[in-house]
Amino acid sequence: MTDIARSPKQIGALIRKRRRAKDLNQTELGAKTSLRQATISTIENGEEATRIGTICDVLAALDLEFVIRPRRTVKPSDLEDVF
């Protein structure tokens, strides 16, 4: 399944969702990445000051990866086709 995140808050929410699915608390994820629990919390809350390398380390620890692709736009007529 592919999730789309377009903001730091959405990235944080997806990281939290995956962490919980792997039955890890923030301290345990921090230990896997050599990060403090507070840093994991900062990422999950979508705070924008987090370094991209730190986010990549967290994604790797959760068996996730970035996928970069052109942004898709949805027209109202496209939505009608779904229903």
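Scroll up a little and you will see the structure.
Worth saying up front: this structure is predicted, and the values here are computed from it rather than measured. (Residues numbered from 1 in each chain as written. Predicted model: local features only at pLDDT ≥ 70, side-chain atom pairs only at ≥ 80, totals over all residues. Heavy atoms only, no water.)

In this section: the pattern of salt bridges. Tallying each qualifying case throughout the model produces three salt bridges. Where Glu 44 meets Arg 16, a salt bridge forms, and the shortest distance between an N and an O atom there is 3.4 Å. Of this pair, Glu 44 sits in helix 3 (residues 37–44) while Arg 16 sits in helix 1 (residues 8–21), and the two are 28 residues apart along the sequence. For Glu 44, a relative accessible area of 2% corresponds to the buried category. Close ionic contact of Asp 63 with Lys 22 constitutes a salt bridge, the shortest N to O distance being 3.4 Å. Pair noted here: Asp 63 is in the loop between helix 4 (52–61) and helix 5 (76–82) and Lys 22 is in the loop between helix 1 and helix 2 (26–33), with a separation of 41 residues, a long-range link. (Salt bridge = Lys/Arg side-chain N within 4 Å of Asp/Glu carboxyl O. Helix = DSSP H or I, 4+ residues; strand = E, 2+ residues; numbered from the N terminus. Buried < 20%, exposed > 50% of the residue type's maximum accessible area, 1.4 Å probe, protein only.)

Shape is all these values report; function is a separate question.
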